[in-house]
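# Summary of the model geometry
These are the residues of each chain, in order.
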Amino acid sequence: MRLLSLSALGAALISAGLVAPALGEATVGSANGVKTTPSVARPGQRVDLTVPDCSAGRARHWAASKAFAKDVTLGGKADSGHGTATVKHGLSSGTYDIVAHCDGRKVSGRLKVSTKRSWPVLVPTGLKRPEVTLGK
């Protein structure tokens, strides 16, 4: 019975870990602004950008942020512009503004950067099974 309750607890923790980021971080992007995938990134990670109504035009379309290693050129043939940015190494956790420049207009968005691990340790070290040594 105790093993069953521990299994149920473990399943609940894993389920909560999968659902919590989707619920808590989905509001970081804006429907009318720059959308980032993933919405929470780690330093050094690549992030895909989507900017509505910012497909390629006569002038260069680009996006910039203090979180990006360099400015990103946006391309696209449909209704939105797309690009890939790399989050700066050594960046601190926080929320960073993004500004996309599209034919003389600006579109903004935000990117959340986290230096924390995405999954907590589920089993504390004190609860790990001891090693078994076989006799000679």
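The text that follows walks through the structure, step by step, so that each part is easy to find. (Residues numbered from 1 in each chain as written. Predicted model: local features only at pLDDT ≥ 70, side-chain atom pairs only at ≥ 80, totals over all residues. Heavy atoms only, no water.)

### Some remarks on the overall build of the protein
From N to C terminus, the protein includes one helix and eight strands. Counting from the amino terminus, helix and strand elements in the protein follow one another as α-β-β-β-β-β-β-β-β. Looking at the protein as a whole, 25% of its 136 residues qualify as buried. Within the protein, counting contacts between residues at least 6 apart in sequence, those at least 24 apart form 57% of the total. When the accessible area of the protein is evaluated, it comes to approximately 9,900 Å², of which 57% is carbon and sulfur surface. (Helix = DSSP H or I, 4+ residues; strand = E, 2+ residues; numbered from the N terminus. Buried < 20%, exposed > 50% of the residue type's maximum accessible area, 1.4 Å probe, protein only. Contact = heavy atoms within 4.5 Å. Areas by Shrake-Rupley, 256 points an atom, 1.4 Å probe, with all protein chains shown as cover.)

### Points about the sheet that holds strand 2 (residues 40-41)
Sheets are built from strands that pair by backbone hydrogen bonding, the pairs being arranged parallel or antiparallel. Sheet architecture is open: five strands sit in the order 2-8-7-4-5, paired in mixed fashion. At either end of the open sheet lies a strand with only one pairing partner, and these are strand 2 and strand 5 (72-74). Relative to strand 7 (residues 94-102), strand 4 (residues 61-65) runs antiparallel, the two sharing four bridges. Following the sheet pairing, Trp62 is matched in strand 7 by His101. (Pairing = 2+ DSSP bridges.)

### What about unusual backbone geometry?
With omega at 0 degrees, the peptide bond leading from Thr37 into Pro38 counts as cis. Following the sequence through the fold, Pro38 ends up in the loop between strand 1 (35-37) and strand 2. Phi at Asp53 takes a positive value of approximately 55 degrees, unusual for a residue other than glycine. With a phi close to 50 degrees, Asp103 is a non-glycine residue in the positive phi region. Position of Asp103 among the secondary structure elements: in the loop between strand 7 and strand 8 (105-113). Judged by its relative accessible area of 53%, Asp103 falls in the exposed class.

### Here we look at the sheet that holds strand 1
Taking strand neighbours across the sheet as the criterion, the three strands line up as 1-3-6 in an open arrangement whose pairing is antiparallel. Each edge of the sheet is formed by a strand with only one pairing partner; in this case those strands are strand 1 and strand 6 (80-86). This sheet shows a mean twist of 25 degrees between the axes of neighbouring strands, independent of strand direction. (Axes fitted to C-alpha atoms, helices over the stretch in contact; angles between N-to-C directions.)

### So, the side chain of Ser65
Along the polypeptide, Ser65 turns up in strand 4. For Ser65, the side chain forms a polar contact with the main-chain nitrogen of Ala67, separated by 3.1 Å. A distance of 2.7 Å separates the side chain of Ser65 from the backbone oxygen of Asp97, its partner in a polar contact. Here Ser65 is in contact with Tyr96, Asp97 and Ile98, once residues within four sequence places are set aside. (Polar contact = N/O pair within 3.5 Å; in protein donor to acceptor, adjacent residues only side chain to side chain.)

Any link to function would need more than the numbers given here.
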